[in-house]
Structures are given as C-alpha cells and as structure tokens.
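Structure assessment
Residue-level listing of the chains:
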Amino acid sequence: MTTDPEPADDGPSFETDRLLLRPWRVAEAAILRELWAERDPRVPPHRRIDAGGNPTLADLEDSLRTDRPSSLGMLAIERKDSHDVVGYCGLIDSRHGAPGEPELAFELLRRAWGHGYATEAAGAVLGWARSSGYERLWATVREWNTASRRVLAKAGFAETGRREEDPVHGTMLFTARQL
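Described in the following lines is the structure provided in the data block. Given the structure is predicted, the values throughout are model-derived calculations rather than measurements.

Some points on the nonpolar core
By size, the foremost hydrophobic cluster in this structure holds 30 residues, and its most contacted members are Leu21, Ile77, Cys89, Leu91, Leu104 and Phe157. At the level of secondary structure, the elements contributing two or more residues to this core comprise strand S3 (19–22), strand S4 (73–79), strand S5 (85–92), strand S6 (103–108), helix H3 (117–131), strand S7 (136–142) and helix H4 (146–154). Counting residues per element, this core draws most heavily on H3, which supplies 9 residues. In contact with cysteine 89, other than residues within four places in its own chain, are Leu21, Gly73, Met74, Leu75, Ile77, Leu104, Ala105, Phe106, Ala121, Ala122 and Val125. Residues Ile31, Leu32, Trp36 and Leu109 belong to the second largest nonpolar core, which totals 12 residues.

Dropping the structure here:
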C-alpha cells in the first residue's frame, strides 16, 4: 500500500494493489444514488431513497459539489483495473467515542461484494489513520449485517459489548480498534 503523505487540495487519496481511494467527483453522483437505492430495507429510512425519490440525483450532485473535502470523509473506491467506482470507505466524525476517535464507514455496490474490496479499502484507511496520529477508531454495524461484521473483524475491530436495541431496524453493535 502506498499513501500520499500530504493530502491533496481536494482531499486525501490512497492506493492499494487493486484500489484507488480518492475524493468523489460530481459526475459520480449516480453511483451514490445507486448505493442508496440498493440498501437493505432494514436500513433506517433516513439512509434510503424515500417515497418521493429523495435524495435525487441533483441533491447528491449538489452535496458533492458543496461539501468540502477533509481528512474525515467518504472516499470513492475505484477499481484500478476497470476504473469504475464501486463504493466508499473513510472516516466520519463519531459520537460513539471520545473526541478525536472517528468512525470507520464503508459501503459497496452489490456487484462488488465478495471480492475483498471492503477489507482492502478499510486497511488503507486504517493505515492512514494510524499515520495521522489517531489512537482508536470506532465502527457501528447492525447485528444482521454479517458481511460487514466480517470485514470489521478482519480489520481488527472487536465488539465492545455496547448495543443499541432497535426492534425495527436491528440491534446496532459498537466495535472499536486500537491503532
């Protein structure tokens, strides 16, 4: 894995053997919308496309255009061999840990599941987080999401025992990893 030692003006980017993690481009908003459309119906409604079709493609384009990149954020996962974006991985501000302990988040299009891309992308983000001075990261996952739980386990996250019960959307498990 190689990483850019200094984030570019448009945000950090990382390279692995098969992937390039980089800031999103406005032209890729349709991929974000596809992710929203594919989400499991057990995912809370505010993270899915609603009955009115929101967020729209224009909403997501505006978000990509106006949200300023930062060291915390969702990076597009681009496959180097085909140059297509298949999801995202990155760090988000977390309300789960102490200040300065962000949360790892990732999501892939269904057509990219089962190839190890989430684990590979998470490894790149973890390496960057470690070199940036973070000491611990968090990740939350629904109990029913066994694939994401496996990715987190492979990335060295352990369940903390903290749970938020949700009879509608499934119990949220809290995981953490020392860096």
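A few points about the environment of glutamate 120
Looking at the secondary structure, you find glutamate 120 in helix H3. Sequence spacing of glutamate 120 and threonine 16 is 104 residues, and the spatial spacing of their C-alpha atoms is 7.3 Å. The contact partners of glutamate 120, leaving out residues within four places of it in the chain, are Thr16, Asp17, Arg18 and Leu19. Reaching out from glutamate 120, the side chain makes a polar contact with the side chain of threonine 16 at a distance of 2.4 Å.

A look at the packing of aromatic side chains
Under the definition given, this model contains 2 aromatic pairs. Judged by centre distance (5.8 Å) and plane angle (55 degrees), the rings of phenylalanine 14 and tryptophan 128 are tilted. Here phenylalanine 14 is found in strand S2 (residues 14–15), whereas its partner tryptophan 128 is found in helix H3, with 114 residues between them in sequence. The pair formed by phenylalanine 14 and tryptophan 128 is uniform in burial state, with each residue classed as buried. Ring geometry for tryptophan 128 versus tyrosine 134: centroids 6.1 Å apart, planes at 50 degrees, classification tilted. An aromatic cluster is built from Phe14, Trp128 and Tyr134, whose rings are joined through pairwise contacts. Between the NZ or CZ atom of arginine 39 and the centre of the ring of tryptophan 36, over which it lies, the distance is 4.6 Å. Above the plane of the ring of tryptophan 144 lies arginine 42, whose end atom (NZ or CZ) is 4.0 Å from the centre.

With respect to the pairing of S6
Burial runs high along S6: 6 of the 6 residues are buried. Every second residue of S6 is oriented toward a common face, with Glu103, Ala105 and Glu107 on one face and Leu104, Phe106 and Leu108 on the other, all of them buried. Of the strand pairs in this sheet, S5 and S6 are connected by 6 bridges, and their pairing is antiparallel. Bridge assignment links tyrosine 88 to a residue of S6, and that residue is glutamate 107.

A look at the environment of aspartate 81
By the element assignment, aspartate 81 lies in the loop between S4 and S5. Looking at aspartate 81, the relative accessible area reads 69%, which means it is exposed. Separated by 64 residues in sequence, aspartate 81 and aspartate 17 have C-alpha atoms that sit 10.0 Å apart. A distance of 3.4 Å separates a polar atom in the side chain of aspartate 81 from a polar atom in the side chain of serine 82.

Parameters and conventions
- Residues numbered from 1 in each chain as written.
- Predicted model: local features only at pLDDT ≥ 70, side-chain atom pairs only at ≥ 80, totals over all residues.
- Heavy atoms only, no water.
- Core = buried A, V, L, I, M, F, W, Y, C linked by side-chain atoms within 4.5 Å.
- Buried < 20%, exposed > 50% of the residue type's maximum accessible area, 1.4 Å probe, protein only.
- Helix = DSSP H or I, 4+ residues; strand = E, 2+ residues; numbered from the N terminus.
- Contact = heavy atoms within 4.5 Å.
- Polar contact = N/O pair within 3.5 Å; in protein donor to acceptor, adjacent residues only side chain to side chain.
- Phe/Tyr/Trp six-rings, centres within 6.5 Å; stacked < 30°, edge-to-face > 60°.
- Lys NZ or Arg CZ within 6 Å of the ring centre and 35° of its normal.
- Pairing = 2+ DSSP bridges.

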